[in-house]
Structures are given as C-alpha cells and as structure tokens.
Amino acid sequence: MKNYVQDGNTLALTNSGESTITSGTPVAVGDLLVVAIADIKPGSTGDGRATGVVLLPKLAADDIAQGKTVYFKDGKIQLANTSATPAGKAWEAAGANATSVLVRLNG
C-alpha cells in the first residue's frame, strides 16, 4: 500500500517538562493516552505506547467493571470523564480500594 506510514502502535512523545518522564508513565497527548516505553529526558523525544493492555494506577474510590470506558486525570484511571482524557476500556474488573487496573489503551 503506497500510503502506509506506520502501524499506529506508538506515538512520538516529546518531553516539554522539566523532569524525566519515566518508563511506564501514562501521558495524555490531546485526547489520546500513551505510556512512555523508556525514560524520556526533558527536551527529548521518545516513544509512547498507544495500544495494548497496560497496568495503570486507578482512583481507589471507583469500582470499575470489566469493559467499562475509563478516563485519565491527575495521574489516575477513573470512571468520570469531566476534564479527563479518554484512556480506553477496563480489561479486567478492579473494585473499590484497588490501586490499579488493566486498561486496553485507546480501545
């Protein structure tokens, strides 16, 4: 196919902050959630994973059912979408007081 560019599994992620984005850190890029594959130093660009299933920190109060649409805000996965970035779907259930949840990114 002559117009193919890439598989879309990763996104170039530029660190415009003052501290290193460490591997495994979720980062909102517009309405897309990516997870840093490796450490990205300030002023540098690295790859963020935009697909797949990853374990992410969640808002402890939320009782998340498998398959629910989840959102990212203030470093945590949550059910509320107000001022949050769409994250994907809960790959497994994660009850209230759970500190993390499996998420299928952008799915």
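All of these numbers come straight from a predicted model, not from anything done at the bench.

Trainee: Go over the overall build of the protein chain, please, and point to the residues and values.
Mentor: Helices and strands together make up the secondary structure of the protein chain, namely zero helices and nine strands. In the protein chain, the order of α-helices and β-strands from amino to carboxyl end is β-β-β-β-β-β-β-β-β. The principal-axis extent of the C-alpha atoms belonging to the protein chain is close to 40 × 40 × 20 Å. By residue count, 30% of the 107 residues in the protein chain fall in the buried class. For the protein chain, long-range pairs separated by at least 24 residues make up 45% of all intrachain contacts whose partners lie at least 6 apart in sequence. Within the structure as shown, the protein chain displays about 6300 Å² of accessible surface, and the carbon and sulfur contribution to it stands at 49%. Computed over 9 positive and 9 negative side-chain charges, the separation of the two mean positions in the protein chain equals 5 Å.

Trainee: Now, about the side chain of Gln-78: what can you tell me, with residues and values included?
Mentor: With respect to the element layout, Gln-78 can be found in strand β7 (residues 76–78). In terms of polar contacts, Gln-78 uses its side chain to reach the backbone carbonyl oxygen of Ala-80, at 2.8 Å. Not counting residues up to four positions away in its chain, the partners in contact with Gln-78 are Leu-59, Asp-62, Val-70, Tyr-71, Lys-73 and Ala-84.

Trainee: Break down unusual backbone geometry for me, citing the residues and quoting the values.
Mentor: You will see that Asp-74, though not glycine, has its phi angle at about 55°, which is positive. Relative to the assigned elements, Asp-74 resides in the loop between β6 (69–73) and β7. Judged by its relative accessible area of 71%, Asp-74 falls in the exposed class.

Trainee: How would you sum up the sheet that holds strand β2 (residues 26–29)? Please name residues and give values.
Mentor: Pairing in this open sheet of four strands is antiparallel, and the strands run β1-β4-β3-β2 from one edge to the other. For this open sheet the edge positions go to β1 (10–14) and β2, each flanked by a neighbour on one side alone. Averaged over all pairs of adjacent strands, the angle between strand axes in this sheet comes to 50°, irrespective of strand direction.

Trainee: Mind laying out the nonpolar core, listing which residues take part and the relevant values?
Mentor: By size, the foremost hydrophobic cluster in this structure holds 14 residues, and its most contacted members are Leu-33, Leu-56, Val-70, Ile-77, Ala-87 and Val-103. Elements with a minimum of two residues in this core: β3 (32–36), β5 (53–57), β6, β8 (85–90) and β9 (100–105). Top contributing element to this core by residue count: β9, with three residues. Setting aside its immediate chain neighbours within four residues, Leu-56 contacts Pro-26, Leu-33, Val-35, Ile-77, Thr-99, Ser-100, Val-101, Val-103 and Leu-105. Grouped together as the second largest cluster of nonpolar side chains are seven residues, Ile-21, Val-34, Ala-36 and Ile-40 included.

Each value, and the rule that gives it
Residues numbered from 1 in each chain as written. Predicted model: local features only at pLDDT ≥ 70, side-chain atom pairs only at ≥ 80, totals over all residues. Heavy atoms only, no water. Helix = DSSP H or I, 4+ residues; strand = E, 2+ residues; numbered from the N terminus. Buried < 20%, exposed > 50% of the residue type's maximum accessible area, 1.4 Å probe, protein only. Contact = heavy atoms within 4.5 Å. Areas by Shrake-Rupley, 256 points an atom, 1.4 Å probe, with all protein chains shown as cover. Lys, Arg positive; Asp, Glu negative; His and termini not counted. Charge placed at Lys NZ, Arg CZ, Asp CG, Glu CD. Polar contact = N/O pair within 3.5 Å; in protein donor to acceptor, adjacent residues only side chain to side chain. Pairing = 2+ DSSP bridges. Axes fitted to C-alpha atoms, helices over the stretch in contact; angles between N-to-C directions. Core = buried A, V, L, I, M, F, W, Y, C linked by side-chain atoms within 4.5 Å.

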